[in-house]
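Okay, here's what each chain looks like letter by letter:
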Amino acid sequence: MPVITVTGLIGSGVIEIGPKISERLGIDHVDRTILAEAGKKIGASEQDVAERTERALGLGDRVAGFVKTVLERSALAGGGADPYFGGGLDALLVREYRDFPEESHGSGEFDDENLLKVTADVIQEIAAAGNVVIAGRGSNIILREMPNTLHVGLISSMDERVLRIVEREQLAEEEAVRYVQENDRARIAYFKRFFDVDPQEARYYHQVLNTDMLTIDQATEIIVATAQTLN
């Protein structure tokens, strides 16, 4: 089964479609929630680790192992780590685009170049294990040369995305409009800053699906059918 990356505008269906693909294909799904869970497990006590070795490792445990391996061999290892991944790596992997700092709060091993390298290493470690859907985080750019990988982009109109955010985040419509606009601007800035690309360009995807014209379930079935042809 190929590695599948799904990215797109906030409210376009990434959060809903990623888990559905995972369920349909019987493969893992990694998004920023899973990465946050993994980050918290990196600092687990020896007793916690011992307890986990006595049962099947969950996805969060396995991703934590990937992240820990990357950090141990990177310049970000050592002192000064934050509660997640250290040195601002949590911003690249965990935060929403709208919550991402506009500039690095450090230098040397904590500059943009090294943060991006470690982020790419984490995503590549996860992808190397195979059988996974990876949501966002620039994974379609990081893995663009990886064989047997399907990159999917989701688009949707502002009106439809605002409706989804109103429902999902329980916001008033005016708040939801600001929420979407802020995230759109921040997403473009993130991709420009770290990858020097426009995330809306179709050439970075195998498929671009419009969830105004397709339901979440229809879009899921199209992605699943395409992925199955890559076996």
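Residues numbered from 1 in each chain as written. Predicted model: local features only at pLDDT ≥ 70, side-chain atom pairs only at ≥ 80, totals over all residues. Heavy atoms only, no water.

Trainee: Got a minute to help me understand the overall build of the protein in this structure?
Mentor: When you go through the protein residue by residue, the secondary structure sums to 10 helices and 5 strands. When burial is assessed residue by residue, the protein has 46% of its 231 residues classed as buried. In the protein, the share of contacts with a sequence separation of at least 24, taken over all contacts with a separation of at least 6, comes to 71%. On the protein, roughly 11500 Å² of surface is accessible, and the fraction owed to carbon and sulfur atoms is 49%. (Helix = DSSP H or I, 4+ residues; strand = E, 2+ residues; numbered from the N terminus. Buried < 20%, exposed > 50% of the residue type's maximum accessible area, 1.4 Å probe, protein only. Contact = heavy atoms within 4.5 Å. Areas by Shrake-Rupley, 256 points an atom, 1.4 Å probe, with all protein chains shown as cover.)

Trainee: Teacher, can you tell me more about the nonpolar core here?
Mentor: Soluble, globular proteins show a tendency: their nonpolar side chains are buried together. Among the nonpolar cores identified, the biggest contains 25 residues, and Ile126, Ile134, Leu143, Tyr190, Phe191 and Phe195 are the most heavily contacted of them. Put simply, the parts of the chain that give this core at least two residues each are helix H2 (32–42), helix H6 (112–128), strand E3 (132–135), helix H7 (139–142) and helix H9 (173–195). The element that contributes the greatest number of residues to this core is H6, accounting for 6 residues. If you look at the next biggest cluster of nonpolar residues, it comprises 18 residues, including Ile27, Ala135, Leu209 and Val224. (Core = buried A, V, L, I, M, F, W, Y, C linked by side-chain atoms within 4.5 Å.)

Trainee: For this particular structure, what's the right way to read the confidence of the model for the protein?
Mentor: With 69% of its residues at a pLDDT of at least 70, the protein reaches an overall mean of 80. The low-confidence segment residues 44–57, where pLDDT is below 50, has 7 contacts with residues more than four positions distant or belonging to other chains. The low-confidence segment residues 79–83 (pLDDT under 50) makes 7 contacts with residues lying over four places distant or belonging to another chain. (pLDDT = per-residue confidence, 0-100.)

Trainee: How do you make sense of the packing of aromatic side chains when you look at a structure like this?
Mentor: Any aromatic ring pair is given by two values, namely how distant the centres are and how the planes are angled relative to each other. Under the definition given, this model contains 4 aromatic pairs. Put simply, the rings of Tyr190, Phe191, Phe194 and Phe195 touch in pairs and so form one group of aromatic residues. (Phe/Tyr/Trp six-rings, centres within 6.5 Å; stacked < 30°, edge-to-face > 60°.)

Trainee: What should I look at first to understand the layout of surface pockets in this one?
Mentor: If a probe the size of a water molecule is rolled over the atoms, the empty space left behind becomes visible. Approximately 410 Å³ is the volume found for the largest pocket. Along the wall of the largest pocket there are 21 residues; nearest its centre are Ile10, Val14, Ile15, Arg32 and Arg137. Among the elements of the structure, strand E1 (3–8), helix H1 (14–25), H2 and helix H8 (158–169) are those that each provide at least two residues to the lining of the largest pocket. In terms of residue class, the lining of the largest pocket is built from 6 nonpolar, 9 polar and 6 charged. (1 Å grid on protein atoms, 1.4 Å probe; cavity = no way out; pocket = protein on both sides within 12 Å on 5 of 7 lines; lining within 4 Å. Points joined across faces, edges and corners; volume = space filled by probe spheres on them. Nonpolar A, V, L, I, M, F, W, Y, C, P; charged D, E, K, R; others polar.)

Trainee: So what exactly am I meant to see when it comes to the pattern of salt bridges here?
Mentor: Think of it this way: side chains of opposite charge can pair up when their charged atoms draw near. Under the definition given, this model contains 8 salt bridges. The salt bridge involving Arg161 is made with Asp184; its shortest N-O contact spans 2.8 Å. Note that Arg161 is positioned in helix H8 and Asp184 in helix H9, a separation of 23 residues in sequence. Here Arg161 and Asp184 have matching classes, each one buried. (Salt bridge = Lys/Arg side-chain N within 4 Å of Asp/Glu carboxyl O.)

Trainee: What's the story with helix H10 (residues 216–228) in this structure? I'm lost.
Mentor: Here H10 spans 18 Å end to end across 13 residues, near enough to the 18 Å set by a 1.5 Å rise per residue. Those residues of H10 that sit buried are Ile216, Ala219, Thr220, Ile223, Val224 and Ala227. The arc enclosing the buried residues of H10, seen along the axis, measures out at 135°, which places them on a common side. (Expected span 1.5 Å × (residues − 1). Arc of directions from axis to C-beta.)

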